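The lines below spell out each chain.
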Amino acid sequence: MQRYGFALLSGGLFGAGLLTSGMTDTRKVQGWLDVFGDWDPTLAFVMGGAILPMAVAWRLAAQRRDSYLGLDLPGPPKREVSAHLVIGSVIFGMGWALAGLCPGPAIASISYGGVGGAVFLLAMLAGMVVAPRVRDRIDQAAPAASPRSKMDIRALTPTYAVSPQIDPSDLPAIKAAGYTTVIDNRPDGEIPAHLHTQQMKAAAEALGLKFVANPVIGGALSMDNVRLQAQAMAEASGPVFAYCASGNRCSVVWALMNAGERSADDLIRTPAKYGYNLEPIRAQIEALAAEAEASKD
Amino acid sequence: MHDWIWGFVGGLMIGGAAAVFLLFNGRIMGASGIIGELVDRSGLANWAERVVFLAGLIAVPYLLTLAFGGAETHLTGNWLVIVIAGILVGVGSRLANGCTSGHGVCGISRLSLRGIVATVFYIVAGGVTMAVMRHLIGVI
């Protein structure tokens, strides 16, 4: 329930900020973009003001395994600058300048923007409905410009890779890359039905891949998770591919599984190459390593 | 008080809203994604969180304008411009997978390459559109 309270607070504060900043006034937005006219600097102050607390928030988030409510934090940012990103941003910028409205203020304007605001919002929603078709047309016109595969295989070692959520259409590429076992570290409750363990398992096994379900609950990872992952690794006939929402949980499990085998620095540095921050579990890695050492004597 | 001071204070509130959404809900506050992934059904798994966020985004300005008077939007009266602009914003923000809040506020603040590239392109495109449509053609 708490998450809905915070979603309401966030949406409400966003709305109040839009009103306070004057970004609900299309003249201010257009005035900022109008460098050849009567230029209005307000928007730059709004952007600067908004980026400051958010930069602090990202730093706080980087030190945590999950959110204050125990929910998954976003994965590392995608780095790929695709044609979709550039073309989409140009189209968006044109519309933004024409009316002086972007999605946030357009939604908020339902309460104060009269019929004009509502018409803009409806047109925007219609644009969102046709956007996938525009995306397909861009892909047909310039297949080379669009990403070949959404797949992002992040190999922590030659025999273990992690990844954000995949869908069944990614499995052939995983097989082609030489992986023989796929581990699903994401509980079904987080995701739509077509990505549930049963569906993914059937699709993977149809390709001859071994599929292991080892759901890790965000923020409540258990040593059973670690043991099951290690067992799947031990039984695998080749490299193992693990996925969750961002790949973070797969990395944490991997680090705990290898505590004592490799140094804590190494176990933290390797996932960090892909943006996964394991610093918050350093103590846990070290404790497990000490335990393994003690049991050897 | 100067407009830019209000702008800065309002900006802090917008950034604070994004910080709450990140640190508590674990989510990136991008207006186009929150509503757009309901439209294309890809975000139905957490539809309630999205709807509640949107309810706050609409209800709080409603209450504030009720208490302190209406906000003047100065939106153009040219219906054709409104509809075309709306469609462009809808298509573009979904193609780019983000808008001013997602790429601009949340992306730049974590120095995301995609966020920075998107922001540069939409601002330049917006500036050029403004120059052409206002100063050359005189439509807006």
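Residues numbered from 1 in each chain as written. Chains lettered and ligands numbered in written order. Predicted model: local features only at pLDDT ≥ 70, side-chain atom pairs only at ≥ 80, totals over all residues. Heavy atoms only, no water.

(A) Region of interest: the overall build of chain A. Each helix and strand in chain A was counted, giving 12 helices and 5 strands. Along the first, second and third principal axes, the C-alpha set of chain A runs to 75 × 45 × 35 Å. Split into buried and exposed, the 297 residues of chain A put 48% on the buried side. Considering only residue pairs separated by 6 or more positions, chain A has 67% of its internal contacts joining residues 24 or more positions apart. Accessible surface computed for chain A: about 13200 Å², of which carbon and sulfur atoms make up 58%. Looking at charge distribution, chain A has the averaged site of its 25 positive side-chain charges lying 3 Å from that of its 26 negative ones. (Helix = DSSP H or I, 4+ residues; strand = E, 2+ residues; numbered from the N terminus. Buried < 20%, exposed > 50% of the residue type's maximum accessible area, 1.4 Å probe, protein only. Contact = heavy atoms within 4.5 Å. Areas by Shrake-Rupley, 256 points an atom, 1.4 Å probe, with all protein chains shown as cover. Lys, Arg positive; Asp, Glu negative; His and termini not counted. Charge placed at Lys NZ, Arg CZ, Asp CG, Glu CD.)

(B) Broad picture of the interface of chain B and chain A. Across the boundary between the two partners, chain B contributes 97 residues, which contact 104 residues of chain A. Each partner contributes to the roughly 9100 Å² buried at the junction of chain B and chain A, and carbon and sulfur atoms together form 79% of this total. For the chain B face of the interface with chain A, the top three residues by lost area are Leu23, Leu95 and Arg114 of chain B, together amounting to 8%. Counting the contacts that link chain B with chain A gives 3 salt bridges. Close ionic contact of Lys28 of chain A with Asp3 of chain B constitutes a salt bridge, the shortest N to O distance being 2.6 Å. Across the contact surface, chain B and chain A share 21 residue pairs in polar contact (both at pLDDT 80 or more). Among the elements that make up the side of chain B that touches chain A, the one with the highest residue count is helix 1 (residues 3–23) of chain B (20 residues). Considering only residue class, the side of chain B that touches chain A consists of 61 nonpolar, 29 polar and 7 charged. (Buried area = accessible area lost by both parts, 1.4 Å probe. Salt bridge = Lys/Arg side-chain N within 4 Å of Asp/Glu carboxyl O. Polar contact = N/O pair within 3.5 Å; in protein donor to acceptor, adjacent residues only side chain to side chain. Nonpolar A, V, L, I, M, F, W, Y, C, P; charged D, E, K, R; others polar.)

(C) Seen up close, the sheet that holds strand 4 (residues 210–213) of chain A. Residue and element names in this part refer to chain A. Pairing is mixed in the open sheet, where 5 strands are placed in the order 1-2-5-3-4. The outermost strands of the open sheet, each flanked by one partner alone, are strand 1 (154–157) and strand 4. If you compare each strand with its neighbour and ignore which way they point, the axes differ by 25° on average. With 4 bridges connecting them, strand 2 (residues 160–163) and strand 5 (residues 240–243) associate as parallel partners. Its bridge partner being in strand 5, Ala161 is matched across the sheet by Phe241. (Pairing = 2+ DSSP bridges. Axes fitted to C-alpha atoms, helices over the stretch in contact; angles between N-to-C directions.)

(D) Layout of the packing of aromatic side chains. Tallied over the entire structure, the rule returns 10 aromatic pairs over all chains. Ring geometry for Tyr68 of chain A and Phe24 of chain B: centres 5.3 Å apart, planes at 50°, overall tilted. With one member in each of two chains, Tyr68 of chain A in the loop between helix 3 (42–62) and helix 4 (83–99) and Phe24 of chain B in the loop between helix 1 and helix 2 (31–39) form a pair that bridges those chains. Tyr68 of chain A sits in the partly exposed class, given a relative accessible area of 40%. Considering the side-chain rings of Phe21 of chain B and Phe53 of chain B, the 5.0 Å spacing of their centres and the 40° angle between planes classify their relative orientation as tilted. Placement of Phe21 of chain B in helix 1 and of Phe53 of chain B in helix 3 (residues 47–68) is noted, with a sequence separation of 32 residues between them. For Phe53 of chain B, a relative accessible area of 0% corresponds to the buried category. The ring of Trp58 of chain A is capped by Arg110 of chain B, whose NZ or CZ atom sits 3.8 Å from the centre of that ring. (Phe/Tyr/Trp six-rings, centres within 6.5 Å; stacked < 30°, edge-to-face > 60°. Lys NZ or Arg CZ within 6 Å of the ring centre and 35° of its normal.)

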